[in-house]
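Take a look at the letters that make up each chain.
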Amino acid sequence: KLSESQSQYSTFNTLSVYAYICLIRSCQAGEHYCPTGYTLEIDMTARRHQDERLIPRLIESGSSRNSSPASKCDWLLKVHQLTSHRQMVIQGLPPASADTESPAGSCQSTEGVADSMQYKVLQPNCSSRTDSTKPQNVPVGLFEVLNFTDRLSRVAVSFEKARSSSACNQAVIVRAVTPLTGFCSRDMLSFRGYCYAVSSAPQNMTVAVSSIRGDAQLASFSSMAEISEFIA
C-alpha cells in the first residue's frame, strides 16, 4: 500500500540533504515506553526532523529488552513555537515481535478484546481531560497527515488495556513524525513533488482506504509509463 501527501516545497536533492542531516544526528528515532502515573510530554519541534515511537509497555530492569504489558499510558505530542506551516505524520505500526508477553510460540489464540491505542488533536486552551473531541483508534496500517499552523498544537495519545484482553493481544505502536518542512520523511519516496509511504500491513482496498486519513490519500497513477518512472 502506498500513501501520498503533497510536500509544500521543492524536493530537489532530498536524499543528499537527509544524508547530511542524519550524519549530524538530527533525525534519530526515539522510543517512549509507558509513563507510570503521569503524562509524558514530547516536543515534536526539538529537532529539525522528529521521529518518535510510543510503545504501550513498561520497561523492566532499565532495559527495553525486558518489558511487560502496561495497563494505562498517556503521552502528549507538542508542536509549538511555529513560525510557519508544519506537518505531522501519525502511523500505526505492528507490535515488535521481541515485546511479546509470553514465550515464542505460546500464543495460539487471539480471542478477547484488543487493547486500544487512541489519539486526538486537542482544541486550543484545552487539556486532554477537558477536551470534548472524540478520540480515534489507531489500527495497524494507519497513516494520517496532520497540518498545524497554530503556535501551540497538541496531540494527546493514550492507551488503556481492555478488561477482557487476551495475553496474546498487543496494542499497536504509534509512530509520530514531523519531517523537515518541504521534504519527505527519510523512509518515504519523493516523486514529482509528492511524498510516498509504503505500508507492509496486508489490507484489502476497503480497509486500506479507511486507514488513510487527513491530508494523505491512497497513491494512484495515470499510466504504466508513470509507474515505470516511479519505480525506476
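Numbers given for residues are sequential positions, taken from 1 along each chain in its written order. A pLDDT threshold of at least 70 governs which residues receive local features in this predicted model, and a stricter bar of 80 or more applies before side-chain atom pairs are shown or counted, although totals over entire chains, interfaces and linings include all residues. Hydrogen atoms and water are omitted, and side-chain values are computed over all heavy atoms in the structure.

In the annotation of an unreviewed UniProt entry, the entry for the protein reads Tub domain-containing protein, and the organism field reads Macrostomum lignano.

## Notes on the overall build of the protein
To be explicit about the condition: Each helix corresponds to a stretch of at least 4 residues labelled H or I by DSSP, and each strand to a stretch of at least 2 residues labelled E; elements are numbered beginning at the N terminus. Between buried and exposed lies partly exposed: a residue is buried under 20% and exposed over 50% of the maximum accessible area for its type, with that area taken using a 1.4 Å probe on protein chains only. Any two residues whose heavy atoms approach within 4.5 Å are treated as being in contact. Exposure was quantified through the Shrake-Rupley algorithm and a 1.4 Å probe, taking into account, for residues, occlusion by the shown protein chains and nothing else.
Helix and strand counts for the protein stand at three helices and 17 strands. For the protein, with 232 residues in total, the buried portion stands at 40%. Pairs at least 24 apart in sequence give 78% of the contacts found in the protein among residues at least 6 apart. Total accessible area on the protein stands at roughly 12900 Å², and carbon and sulfur atoms take up 51% of it.

## Points about the sheet that holds strand β12 (residues 152-160)
The criterion, for reference: Strand pairing is defined by DSSP finding a minimum of two bridges between the two strands.
Reading across the sheet, the five strands line up as β3-β7-β12-β9-β10 and stay open at both edges, with mixed pairing between neighbours. Each having just a single partner strand, β3 (40-43) and β10 (136-137) make up the two edges of the open sheet. Where β3 meets strand β7 (residues 72-80), four bridges bridge the pair, whose relative direction is parallel. Bridge pairing in β7 places D43 opposite K78.

## Quick word on the nonpolar core
For clarity, the cut-off: Residues enter a nonpolar core if they are buried and are Ala, Val, Leu, Ile, Met, Phe, Trp, Tyr or Cys, with the set joined through side-chain atoms within 4.5 Å.
L77, M88, M117 and V157 are the most contacted members of the largest nonpolar core, which totals 24 residues. For this core, the secondary structure elements donating two or more residues are β7, β8 (86-93), β9 (116-121), β11 (143-148), β12 and β13 (173-178). The dominant element in this core, judged by the number of residues it contributes, is β7, at four residues. Sequence-distant contacts of L77, that is, excluding residues within four places in its chain, are made with I42, M44, L54, M88, I90, S153, R154, V155, V157 and A176. Of all hydrophobic cores here, the second largest spans ten residues; its members include V89, F143, V145 and I212.

## A closer look at the packing of aromatic side chains
Our working rule: Pairing of aromatic rings covers Phe, Tyr and the six-membered ring of Trp, with a centre-to-centre limit of 6.5 Å; geometry is then stacked below 30 degrees between planes, edge-to-face above 60, and tilted otherwise.
Throughout the structure, instances matching the rule amount to five aromatic pairs. Taken together, a centroid distance of 5.3 Å and an interplanar angle of 80° make the contact between F191 and F230 edge-to-face. Taken together, the residues span a long stretch of sequence, with F191 in strand β14 (residues 189-191) and F230 in helix α3 (residues 224-231) at a distance of 39 residues. Across the pair, F230 and F191 agree in class, each one buried. An aromatic cluster is defined as three or more aromatic residues linked by ring pairs; in this entry it consists of F191, Y196, F221 and F230.

## Some details on the layout of surface pockets
For clarity, the cut-off: A pocket, in this scheme, is an open set of points on a 1 Å grid over the protein atoms alone with protein on both sides within 12 Å along at least 5 of 7 lines, while a cavity is a set where a 1.4 Å probe fits but cannot get out; residues line either one if an atom lies within 4 Å of a point. Grid points are joined across faces, edges and corners, and a volume is the space filled by probe spheres set on the points. Gly is put with the polar residues, along with every residue not named as nonpolar or charged; the nonpolar set is Ala, Val, Leu, Ile, Met, Phe, Trp, Tyr, Cys and Pro, and the charged set is Asp, Glu, Lys and Arg.
In this model, the largest pocket occupies a volume close to 320 Å³. Tallied by class, residues from the lining of the largest pocket come to seven nonpolar, five polar and five charged.

## Some thoughts on the pattern of salt bridges
In plain terms, the rule: One speaks of a salt bridge when a side-chain nitrogen belonging to Lys or Arg is within 4 Å of a carboxyl oxygen belonging to Asp or Glu.
Inspection of the entire model under this criterion finds eight salt bridges. Between K78 and E41 there is a salt bridge, and its shortest N-O distance comes to 3.3 Å. Highlighted residues: K78 in strand β7 and E41 in strand β3, separated in sequence by 37 residues. Exposure remark for K78: the relative accessible area of 22% places this residue in the partly exposed category. Each of the salt bridges in this network shares a partner with another, and the network as a whole consists of D51, R53, R175, R186 and D187.

## Concerning the environment of P69
Checked against the element boundaries, P69 lands in strand β6 (residues 63-69). With a relative accessible area of 27%, P69 lands in the partly exposed category. Between the C-alpha atoms of P69 and Q170, which are 101 residues apart in sequence, the distance is 8.2 Å.

## Quick look at the environment of V79
Note on placement: V79 falls in strand β7. Residue class for V79 comes out buried when judged on its relative accessible area of 0%. With 76 residues separating them in the primary sequence, V79 and V155 have C-alpha atoms 8.4 Å apart. In this view, V79 contacts M44, T45, R86, M88, F148, D150, R151, L152 and S153; residues no more than four positions away in its chain are not counted.

## Remarks on the pairing of β9
Summarising the sheet, β9 and β12 pair through six bridges and their orientation is antiparallel. Looking across to β12, one finds that M117 is bridged to F159. Sheet topology places β9 next to β10; two bridges connect them, and they run antiparallel. Directly across from Y119, in β10, lies its bridge partner Q136.

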